Amino acid sequence: MRILVIEDDLAVADALKTTLCSNNYAVEIANDGEAGLNFIEAFNYDLLLLDVLLPKLNGIDICRYVRSHGYTMPILLLTSRDSNHDRAVGLDAGADDYVVKPFDTEELSARIRALLRRGNDSTQPTLTWEQLALDPRNCEVTYDRHILTLTPKEYALLELFLRNNRRVFSCGAILEHLWTYEDTPSEEAVRTHIKGLRHKLRAAGAPTDLLETVYGIGYRLKPISITPTPITPKPNPHQLLADIWYRHRDQMIDRVANIERVITELQARCLTNEVRLQAWHSAHTLAGALGTFGLPNGSQVAKKIELLLDRNTDVTLADIPQLQGGVDELRREIDRKVEDTLTTSKPSLLVQGSTTPIGTVTTINRSTNHLIKLLAIVKETDLAVALRFTATAKFDTQIVTELSHSQLAQPPRAIILDLDCFPQIADGLMALTELARDYPAIPVLVLSQPSDSLDRRIGVAQTGGRMFLAKPVTASQIFLAVDRVLAAVRANQAKVLIVDDDRAMLERLVSLLSPQGMNVTTLSEPSQFWETLEACSPDLLILDLDMPQHDGIELCQAIRTDPHWATLPVMFLTAHTAALAIDRVFAAGADDFATKPIFGDALVTRILNRLERSGLQRGALGNSTQL
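Residues numbered from 1 in each chain as written. Predicted model: local features only at pLDDT ≥ 70, side-chain atom pairs only at ≥ 80, totals over all residues. Heavy atoms only, no water.

### Thoughts on the overall build of the protein
The secondary structure content of the protein amounts to 21 helices and 21 strands. Burial analysis of the protein (627 residues in total) assigns 48% to the buried set. Taking all contacts inside the protein whose residues are at least 6 apart in sequence as the whole, residues at least 24 apart take part in 64%. For the protein, the exposed area adds up to about 30,800 Å²; of that, 51% sits on carbon and sulfur atoms. (Helix = DSSP H or I, 4+ residues; strand = E, 2+ residues; numbered from the N terminus. Buried < 20%, exposed > 50% of the residue type's maximum accessible area, 1.4 Å probe, protein only. Contact = heavy atoms within 4.5 Å. Areas by Shrake-Rupley, 256 points an atom, 1.4 Å probe, with all protein chains shown as cover.)

### What to know about the sheet that holds strand β7 (residues 132-135)
With respect to topology, four strands assemble into an open sheet ordered β6-β7-β8-β9, the strand pairing being antiparallel. Of all the strands in the sheet, just β6 (127-129) and β9 (146-148) have a single pairing partner and so form its edges. In this sheet, adjacent strand axes meet at a mean angle of 25° when their direction is disregarded. Pairing of β7 with strand β8 (residues 140-143), which is carried by four bridges, proceeds in the antiparallel orientation. Note on β8: the bridge partner recorded for Leu-134 is Val-141. (Pairing = 2+ DSSP bridges. Axes fitted to C-alpha atoms, helices over the stretch in contact; angles between N-to-C directions.)

### Regarding the confidence of the model for the protein
In this model, the protein carries a mean pLDDT of 77, and residues with pLDDT of at least 70 account for 79%. Every residue in residues 345-369 scores below 50 in pLDDT, and together they form 43 contacts with partners more than four places removed in sequence or on other chains. (pLDDT = per-residue confidence, 0-100.)

### Some details on the sheet that holds strand β15 (residues 444-448)
In space, the five strands of this open sheet follow the order β13-β12-β14-β15-β16, with parallel pairing throughout. Strands at the two margins of the open sheet, each flanked by one partner only, are β13 (395-400) and β16 (467-470). The average undirected angle you get between the axes of adjacent strands in this sheet is 20°. Two strands pair when backbone bridges link them, and β15 and β16 are joined in this way by four bridges, in the parallel orientation. Bridge pairing links Val-446 to Phe-468 in β16.

### Describing the packing of aromatic side chains
This model, assessed by the stated rule, comprises three aromatic pairs. Judged by centre distance (5.8 Å) and plane angle (80°), the ring pair of Phe-161 and Phe-169 falls under edge-to-face. A relative accessible area of 0% places Phe-161 in the buried class. Judged by centre distance (6.0 Å) and plane angle (70°), the ring pair of Phe-529 and Trp-530 falls under edge-to-face. Owing to a relative accessible area of 3%, Phe-529 belongs among the buried residues under this scheme. Trp-530 gets classed as partly exposed once you look at its relative accessible area, which sits at 27%. (Phe/Tyr/Trp six-rings, centres within 6.5 Å; stacked < 30°, edge-to-face > 60°.)

As structure tokens, this is what we get:
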């Protein structure tokens, strides 16, 4: 796949090229709009990635030109402007997607993959898994060339698994994907359809476990056995960005100096439009670049300076203290980054192609503070290497072969424990018991051979293991399980705001949710809603439908129009069961509703599932929240 990047900020362009090349794309760079247009007219590209504010010809004009001349390749706009109006202008000009600087490289790569898939989906390919094949064009399913006669729901189930062949689906997730709200059955119906699908697959000659049950989680297609091949370590993407910063750090310092010139000329009462425009452009590029290189605070400071220097705003002597404070803060941020890079970047030139011995700590650099810290006690060298190099985008993983309490001096978020590291299974279960006793807040995921599976699973469950993974298991499957476990932990520790004018109902809900470890805030006066919302900052909002002054519909509508709260999960409680009331709830932007009277266990399970799904969605976007 060939991608053209049009970006006038050389550091960001370099970072984009490095990131995209590491994902096996062929990348070309143009540093202004006219040069980019020349590239487009001369060569064929699968995707355009361009900044909005470019010299000579801006990104919006390029979009309009490309679309008016019949080019159909996907266009991804990249800019530090994040207002709804700016997004609308870019999309109306012909762009397919819009990413705001500073951007997360993992999310950007995912958006590019999605656009490229969308651009190449003119035909729907046959979905295959070993000898199983599903052709979406004629809805035909075969196993070893034998046609299977499936019910619509069995077909939909199989298509769901084939399109997401590395994912485990719970009964609840299957219900959400395959049934509408009006006809949602119980989870037993899912199990019945699974059973029927298995029977037909088995009758066609498929293995009995082709559609397997993952204990305690759900269902999936059994992973295809692949002969292990040597893993070639990839360059550390965080280190690559550090190296790029090292090369472009002087450019960042020069941009801060451009901003400081405005202060000098203001003090001399001779500020020219040219100096102001240059400083504005420097602040604009810093706002995008600093966040990309791990300086989100510097990015926010630069954005404030950019707004202050906007050409439609008067800059006066009274603005000097704010400008000087911003310049000083930018210098401190850049100086810290330069110091970090000097101490961590140069050794990375020797890292490519080398491996760290098993049993040592994998240190990336100080920018890993935002990563999820894991401790993995594993025996197999191939799995250890795979864990290390699959983890770098999201996890900071310490890999050892023996467990010691010194490794828990700075507790990880989760522990991966391979029972094969112990002479006897009983020794491993004893270690698991001690971990559960001494570190009850750290979930432990256990790896083990599938032999004597039931007894071993029961032993793991009784001694404190949060999840059991039968070998062979891949690094991706392990991290998927870690995400699931951490989402469940977040759900149990979530902050919940409940708004209901019935105080008795509030007390009932508190008695149900507080024992689950949730931090519950209640409000019986809807007029105080917004102040309470901002003070509480909940992970889930529960609203009564009928209340005086402002009902739940009005509060939900207000939530959905606010950029900060627009994605907050909202659940309604109501005594209404009429279709019209339910339609009003969902039209207002609700995610779920439950009917009164409240039945304890069912409501708690529903709330926990909603919180867990919300946590997993945030994790999928790379937004992992520290507990």
